[in-house]
Amino acid sequence: MIKNSDNMKKPLEIYVHIPFCIRKCAYCDFLSAPAEREVQEAYVEKLLEEIRRSEELSGEYNVQTVFFGGGTPSILKGEQICRIVEILRQQFVFLNDTEITVEVNPETADGEKFLQYHEAGVNRISFGLQSADDRELKLLGRIHTWEQFLESYSMARGAGFQNINIDLMSALPGQTAGNMRKTLEQVLTLLPEHISAYSLMIEEGTPFYGRYGEHPELLPSEDEERQMYYDIRDRLCADGYVRYEISNYARPGYECRHNLGYWERTDYRGYGLGAASLLDNVRYTNQTELSEYLKGSLKGTEERLDSRAVREEYFFLGLRKTEGVSPGMYREYYKELIEKLQVQQLLEEKKGRLCLTDRGVDVSNYVLAQFLN
Amino acid sequence: MAFVDQSKIRNFCIVAHIDHGKSTLADRIIEKTGLLTSREMQSQVLDNMDLERERGITIKAQTVRTVYRAQDGEEYIFNLIDTPGHVDFNYEVSRSLAACDGAILVVDAAQGIEAQTLANVYLALDHNLDVMPVINKIDLPSAEPQRVMDEIEDVIGIEAQDAPLISAKTGQNVDEVLEQIVKRIPAPGGSPDAPLQALIFDSVYDPYKGVIIFCRIKEGTVRKGTPIQMMATKAEADVVEVGYFGAGQFIPCEELSAGMVGYITGSIKNVKDTRVGDTVTDRSNPCTEPLPGYKKVQSMVYCGLYPADGAKYPDLRDALEKLQLNDAALQFEPETSIALGFGFRCGFLGLLHLEIIQERLEREYNLDLVTTAPGVIYRVHKSNGEMIELTNPSNLPDPSEIEYMEEPIVSAEIMVTTEFIGSIMELCQERRGIYLGMEYMEETRALLKYDLPLNEIIYDFFDALKSRSRGYASFDYDFKGYVQSELVKLDILINREEVDALSFIVHGASAYDRGRKMCEKLKDEIPRHLFEIPIQAAVGGKIIARETVKAMRKDVLAKCYGGDITRKRKLLEKQKEGKKRMRQIGNVEIPQKAFMSVLKLDDKK
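Computed from a prediction, not measured in an experiment: that's the story for all the values here.

Before we go on, may I ask you to explain the overall build of chain A in this structure?
The helix and strand inventory of chain A stands at 14 helices and 14 strands. Here chain A holds 373 residues, and 56% of them are scored as buried. Intrachain contacts of chain A at a sequence separation of at least 6 include 69% that bridge at least 24 residues. When the accessible area of chain A is evaluated, it comes to approximately 15,800 Å², of which 50% is carbon and sulfur surface. Looking at chain A, you have 44 positive and 60 negative side-chain charges, and the mean spots of the two groups are 2 Å apart.

Please explain a nonpolar patch on the surface as it appears in this structure.
All names here are of chain B. Judged by side-chain polarity, Tyr435, Met438 and Tyr440 come together as a nonpolar surface patch covering roughly 310 Å² of accessible area. When you line up the elements, Met438 lands in strand E24 (residues 434-442). The class for Met438 is partly exposed, based on a relative accessible area of 31%.

Even after reading the chapter, I still don't get helix H2 (residues 78-91) of chain A, so can you show me in this structure?
The α-helix advances 3.6 residues per turn, and as a result positions three or four apart in sequence lie on the same side. Compared with an ideal rise of 1.5 Å per residue, which puts 14 residues at 20 Å, H2 of chain A spans 20 Å between its outermost C-alpha atoms and is within 8% of the ideal. Its buried side turned inward, H2 of chain A meets strand E1 (10-18), helix H1 (37-52), strand E2 (61-70), strand E3 (93-104), helix H3 (111-120) and strand E9 (268-271) of chain A.

Please explain the sheet that holds strand E7 (residues 210-219) of chain B as it appears in this structure.
The strands making up a sheet associate through hydrogen bonds between their backbones, and the pairing can be parallel or antiparallel. Residues and elements named next belong to chain B. Reading across from one edge, E10-E9-E15-E6-E7-E14-E11-E12 is the order of the eight strands in this open sheet, with antiparallel pairing throughout. Each of the sheet's edge strands pairs with one partner strand only, and the pair in question is strand E10 (236-238) and strand E12 (250-253). Each strand of the sheet is rotated relative to its neighbour by a mean of 40°, with strand direction disregarded. Looking at chain direction, strand E9 (residues 227-230) and strand E15 (residues 279-282) are connected through three bridges and run antiparallel. Note that in E15 the partner of Met230 across the bridge is Val280.

Just to check I follow, could you spell out the packing of helix H3 (residues 90-98) of chain B against helix H4 (residues 115-126) of chain B for this structure?
Two quantities define a packed helix pair, namely the angle between the axes and the distance from one axis to the other. Residue and element names in this part refer to chain B. H4 packs onto H3 with a crossing angle of 40° between their chain directions and a minimal axis gap of 9 Å. Comparing the axis directions of H3 and H4 gives the class oblique. The crossing of H3 and H4 is right-handed. Each of Asn90, Val93, Ser94 and Leu97 in H3 lies in contact with H4, whose residues at this interface are Asn120, Leu123 and Ala124.

Just to check I follow, could you spell out the interface of chain B and chain A for this structure?
Size of an interface, as often reported, equals the accessible area lost when the parts are brought together. Opposite the 25 residues of chain B that make contact, chain A presents 42 residues. Counting the surface lost from both chain B and chain A, the interface buries some 3,200 Å², and carbon and sulfur atoms represent 54% of this. Three residues stand out in chain B for area buried against chain A, namely Arg553, Tyr561 and Arg569 of chain B, and they jointly supply 22% of the buried area on that side. Our count for the chain B to chain A interface comes out at six salt bridges. One salt bridge in this structure joins Arg553 of chain B and Asp362 of chain A, with 3.8 Å as the shortest N-O distance. Inspection of the region where chain B meets chain A yields 19 residue pairs in polar contact (both at pLDDT 80 or more). Taken together, the residues of the side of chain B that touches chain A sort by class into nine nonpolar, four polar and 12 charged.

About the criteria used
- Residues numbered from 1 in each chain as written.
- Chains lettered and ligands numbered in written order.
- Predicted model: local features only at pLDDT ≥ 70, side-chain atom pairs only at ≥ 80, totals over all residues.
- Heavy atoms only, no water.
- Helix = DSSP H or I, 4+ residues; strand = E, 2+ residues; numbered from the N terminus.
- Buried < 20%, exposed > 50% of the residue type's maximum accessible area, 1.4 Å probe, protein only.
- Contact = heavy atoms within 4.5 Å.
- Areas by Shrake-Rupley, 256 points an atom, 1.4 Å probe, with all protein chains shown as cover.
- Lys, Arg positive; Asp, Glu negative; His and termini not counted.
- Charge placed at Lys NZ, Arg CZ, Asp CG, Glu CD.
- Patch = residues over 30% accessible without salt bridge, like charges linked within 9 Å, V, L, I, M, F, W, Y side chains within 5 Å.
- Salt bridge = Lys/Arg side-chain N within 4 Å of Asp/Glu carboxyl O.
- Expected span 1.5 Å × (residues − 1).
- Pairing = 2+ DSSP bridges.
- Axes fitted to C-alpha atoms, helices over the stretch in contact; angles between N-to-C directions.
- Parallel < 35°, antiparallel > 145°, perpendicular 65-115°, else oblique.
- Left-handed = near helix turned anticlockwise from the far one by under 90°.
- Buried area = accessible area lost by both parts, 1.4 Å probe.
- Polar contact = N/O pair within 3.5 Å; in protein donor to acceptor, adjacent residues only side chain to side chain.
- Nonpolar A, V, L, I, M, F, W, Y, C, P; charged D, E, K, R; others polar.

Note that all results are geometric; they support no functional claim without further evidence.
What follows is the structure in structure tokens.
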């Protein structure tokens, strides 16, 4: 096999899943659970093994982004994260500006960890804050307070991080537009580069599902939820943030490149329990059973995406971005649909790109589903 | 069996209220007379269709011949004719009874006589049958056999003190029933040498033999080669085979002569030629008169049946044709609905018959159906003197052309314990019933007599009756005739478009109430769209009720990242799949079940 020179190689995103947390939050349906130190250590070993075993990728790809997600990646010791980054660097070619993000929960990171991350080349921190209101935090099952977050945040800044995201949640039980705005104002004083603001989704199998699944009246109404969404959007945009995806805001140039890659269908390789990969239009999902993963079994699922699935994903994912998608060669195929959605004022065309209107965002499931066969 | 001594034949049926144990007793009789070993018995041998077994009702008449060695040492041939057990099939019941010489009346030892029991007994007495009471379910802790025996004597006026006290379930005392059949049920009469006169009490279609006629030979003899004619339909055939009924099989024999029950085949292609109640005679030596009582079965209830998937229209037609081969009472003709596309307007004996056909189409033919609101046949008298029989509300002429309309009325008998008389009378009042009278059966039970419009009882009357009497009321009815009535057509508009398949005819006084309930129901059934959808009920263009399905405010996934693309995609696919199964009316998507919502308008609300 002829080895590609580095600048001929395709971009790759790497996702590393850390399925551990101190305590499961009441709304969380991610693959994550508390675990003993020893289990975490054994897990990291298997993770490193999995990375080492994927050397065939390094010939084809340059690593554009790395994202440590979870769970709570910051639950690991600083050295463990550093070691994973180090092995990745040994295995792959990184670009000069490779974006490396670690998700952090405020209660798990101290100044030392941030310094270690920074040292290892991590250049982006994503804080799971969710709310500035301690009562709301408690209700969500979060174990940190606003004060603890402030401390953690300033330590991250102190360690030299200049690209920080803060995750927020709206439409929480009992939350009012007023509470929401208060959280927002408090967060804005910190001048984060990036804010992800999600409306709470009630997922099956979570304690929240049990509590609210049958009682939507205990949650803010749809009108209130949308109002909060608009409030966030308008407030952030007024402050110079750009909404570049349905729930994501950034100062220009600070968009999360890793996540953009998902919506643009860049190839990605996921390492760890239940992690998903997309490589040459094949989607793999790793083993989701921790005990099996610890035995070295990756055995997951594999789905080859045909041209139809590729076309559909292109729209279904791409339209989540504010800049939308260029219909390009699919324009003919979706001609009628695009016209219909434009008449319904759910889709608009700007500079040759199709994007959701404000109303289109509100009912985006309806719009996106139209592109599925 | 070349010669059969008439005096050794017993032709009888079993009449009972639903659940009083008719089919179980039939099973025991078959088992005890040795036709089948108990190992071969599948419970309730006579209920052939899965549906019958499941619902615990008999839909088609079934017949079986067994041989019983009585205590007198003689062998007797028993022809047991199992009759359908529902008011929808009253006519079939009456023809089956006409084929018998006696009837076993099964009464539940705990529940006693019910309205349907009475109706069936009167029917049996009308046919001059000897009625032999049997008290069943004496193994129940709540059994009160003496009270029930007294009740039978008081209410029906037949001797009941020596009625066998049995448990058909355990087989207890069933032997006594067999002995009494020999002693109490008369042997048949008729002369084997007289001109042939045979009563058709059922017929089934067999793909190899053609129509198989179930009949009772009243006079004469029929054998292979006899040139026969059905006197009412004038259909002719030459007999290919005659025989009698084993358990679940046909056993050919030489000939059937007066007094016998059996079957005839003759390469007849269509059950419509062999109507229940018709008389079979010998063309070469015809009888002078047909047997009395024949009438053409009339459909009482109509509705539209549409395939959920329009492409299945030909399949639905084939399935209906096949069902009709065995069910002369099922009628259908093609119709078109703006909302539902191509389908059929179908006529049924009653709501149960409708449900059975619908279920059979869905199960046996794997069809997904949309059923429109069932209605009755209205008579529309136009100002130009013309009269139309209206089965589809959409065909109602313009009100300016209508002089007046008539609707069918039934005479109903409701048996109820005295404590519920008030609430049942209230129910009948609400359903526009005309009170005719009340008779006390005994101290605690009464028989209420009402004339009720048929269209008021075809939906949920039975359920309402049960719920208002805690299950104690029983009900039976008979078609009475047509009376003039203030009827209007209630239209439903969805997003300002009239949906033809949702229109129905209703009495003017209940139009507002029904319209309001219909709108409320539809509001729950129709999913939110991108726009607001008004749902309106209208009579003659005037809106009388309105509900609104609010516009969809929000339908958005806050997150979608690399790990959950597959799952999120499936979620959206599912959402879209649900829409595919809906009907598009204008730009509104309506779920199939919304069309049936009129059936589910609650009694109390």
